[in-house]
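The primary structure of each chain is shown beneath.
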Amino acid sequence: MEFSDIIGQREMAERLKALADEGRLPHALMLCGPDGAGKMALAIALATYILNGNVNGNGNVNGNGNLYKVRGIEHPDLHFTFPTIKLKKWNSEYKPISDDFIEQWKEMVTGTGTDVDPYFSLADWMTAMKAEKQQALITVGEAEELIKRLYMKSNQGGWKISIIWLPERMNLECANTMLKLIEEPPSQTLFIMVSREPEKLLETIRSRVQRFDVKPIAYDDMLQALKERRGLSDEDAERVARLAGGNWLAALEELNAGNENRLFFDYFVTLMRKAYMRDVKDLKRWAESVSSQGREEQRRMLVYFMRMVREAFMYNFHNKELIYMTDEEENFCKNFARFVNENNVLGFQELFQTAIRDIGQNANGRIVFFDITMKTAVLIHSS
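Residues numbered from 1 in each chain as written. Predicted model: local features only at pLDDT ≥ 70, side-chain atom pairs only at ≥ 80, totals over all residues. Heavy atoms only, no water.

### A look at the overall build of the protein
Along the backbone of the protein there are 16 helices and five strands. Scaling as 2.2 N^0.38, a compact globule of 383 residues should have a C-alpha radius of gyration of about 21 Å, and the protein matches this with 23 Å. With respect to the three principal axes, the spread of C-alpha positions in the protein is 70 × 55 × 40 Å. Among the 383 residues that make up the protein, the fraction classed as buried is 52%. Summarising the internal contacts of the protein: among those between residues at least 6 apart in sequence, 74% fall at separations of at least 24. Counting only carbon and sulfur atoms, one obtains 47% of the accessible surface of the protein, whose full area is about 18,700 Å². Averaging the coordinates of the 49 positive side-chain charges in the protein and doing the same for the 55 negative ones gives two points 4 Å apart. (Helix = DSSP H or I, 4+ residues; strand = E, 2+ residues; numbered from the N terminus. Rg over C-alpha atoms; globule rule 2.2 N^0.38 Å. Buried < 20%, exposed > 50% of the residue type's maximum accessible area, 1.4 Å probe, protein only. Contact = heavy atoms within 4.5 Å. Areas by Shrake-Rupley, 256 points an atom, 1.4 Å probe, with all protein chains shown as cover. Lys, Arg positive; Asp, Glu negative; His and termini not counted. Charge placed at Lys NZ, Arg CZ, Asp CG, Glu CD.)

### Side note on the sheet that holds strand E2 (residues 78-81)
Strand order across the open sheet formed by five strands is E2-E3-E4-E1-E5, with parallel pairing between neighbours. For this open sheet the edge positions go to E2 and strand E5 (210-213), each flanked by a neighbour on one side alone. Going from strand to strand, the sheet's axes swing by 20 degrees on average, the running direction of each strand aside. Packed on one face of the sheet, helix H6 (residues 172-183) meets strand E1 (28-32), strand E3 (160-165) and strand E4 (189-195) and runs near 135 degrees to E4. (Pairing = 2+ DSSP bridges. Axes fitted to C-alpha atoms, helices over the stretch in contact; angles between N-to-C directions.)

### Details of the environment of Leu25
Along the chain, Leu25 falls in the loop between helix H1 (10-21) and E1. For the pair formed by Leu25 and Gln210, sequence separation is 185 residues and the distance between their alpha carbons is 9.5 Å. Not counting residues up to four positions away in its chain, the partners in contact with Leu25 are Leu19, Ala20 and Ile50.

### Quick look at the layout of surface pockets
Its boundaries defined by the atoms lining it, the second largest pocket holds a volume of some 330 Å³. Along the wall of the second largest pocket there are 14 residues; nearest its centre are Gln135, Leu137, Glu168, Arg299 and Gly360. With three residues, helix H15 (residues 345-360) is the single largest residue contributor to the lining of the second largest pocket. Of the residues contributing to the lining of the second largest pocket, the split by class is three nonpolar, four polar and seven charged. (1 Å grid on protein atoms, 1.4 Å probe; cavity = no way out; pocket = protein on both sides within 12 Å on 5 of 7 lines; lining within 4 Å. Points joined across faces, edges and corners; volume = space filled by probe spheres on them. Nonpolar A, V, L, I, M, F, W, Y, C, P; charged D, E, K, R; others polar.)

### Here's the deal with unusual backbone geometry
Unusually for a residue other than glycine, Leu166 sits at a positive phi of about 60 degrees. With respect to the helices and strands, Leu166 occurs in the loop between E3 and H6. Leu166 gets classed as buried once you look at its relative accessible area, which sits at 4%. Positive phi values are uncommon outside glycine, yet Gln188 reaches one of about 50 degrees. In this structure Gln188 comes out as partly exposed when scored by relative accessible area, which is 27%.

### Considerations on the environment of Phe305
Note on placement: Phe305 falls in helix H13 (residues 295-315). Considering only alpha carbons, one finds Phe305 and Asn176, 129 residues apart in sequence, at a separation of 35 Å. Leave out the neighbours within four places in its chain, and Phe305 touches Phe264, Tyr267, Phe268, Leu271, Trp286 and Phe352.

### Some thoughts on empty space enclosed by the protein
Throughout the structure, instances matching the rule amount to two cavities of 30 Å³ or more. For the largest cavity, the lining is made up of 17 residues, of which Asp35, Gly36, Lys39, Phe120 and Trp165 are closest to its centre. Among the elements that make up the lining of the largest cavity, the one with the highest residue count is helix H2 (residues 39-51) (three residues). Partitioning the lining of the largest cavity into residue classes produces eleven nonpolar, three polar and three charged. The computed volume of the second largest cavity comes to approximately 60 Å³. Contributing to the lining of the second largest cavity are Phe80, Ile97, Ser98, Asp99, Glu142, Glu145, Leu146 and Arg149. With four residues, helix H5 (residues 140-150) is the single largest residue contributor to the lining of the second largest cavity. The class makeup of the residues in the lining of the second largest cavity is three nonpolar, one polar and four charged.

Structure (structure tokens):
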């Protein structure tokens, strides 16, 4: 994975390369930003750049002819840490580590070939692990395993790199252990954290890493990638790029006729229609149906609901430049938008945001979603 393989993000790529070229790499850095922006692509590209010998300054390994050349994600000094689930076959005391799922990880990141495709979501990873309703976490077992590996001598005599995907998924015990490792890192070790919700990390960890904020992919870069990598016509590429809003994953979902958002759209429409009619019996059925889904899917659905409320509210301004919806969503909002106004739009957002937090804290799904139905019935009649 080279920097040239990344969709857009040229400014950030040059900034990271300069740190390596000038020997100014911090021992720990964190790439933050929204889904689909290319954070993991930047992380792997930086690791590739360093492990292929492009580092000057202290710990110089630049030009080392014996250095193993990185091709995909295979390198003995490149370590990946990511959220995992606990399988039923393990006893209650076992703490899962990333290596338990390394084959699934490699398959997701590289497919059946050797080329890296680092554009994926937590939902993709949950599917790859065949997770059901579990929450994916990084356990202290992984932190302890990482300590063992990083304190061993580098296999190739140069840098050791630890890429930690979604560090906010570390449980408290793991986070405290990782904090000690980051405070006293082994020599020539680089930690690259890839985070979408950095505010959920311990403040003590955030204060010890250098943060880089990755912006959504620029419209022109998205447009070019859709035409070159997906073979879209100018018209189709413009439509998808506009809907994607700088998110390559959203662009790919839009190209997939059976994407998850279509299911979420149906749930949203049903909720709003039944809430408007104050049909308590059907609303209860709706809550029971939604609560049977996995928690990660529930959270993604609630994020989708928040987006739809925002789009419905913006639709009232009759400005095409402010609206990012599919044709199906826009057709629904032609009649629905008038029910989202300045009196209830913040109430809707707060309702769904609170539900996301509660689901993340293992609250009873039936209670959470039935509460949503009742409050939605009140909000939709606010004027």
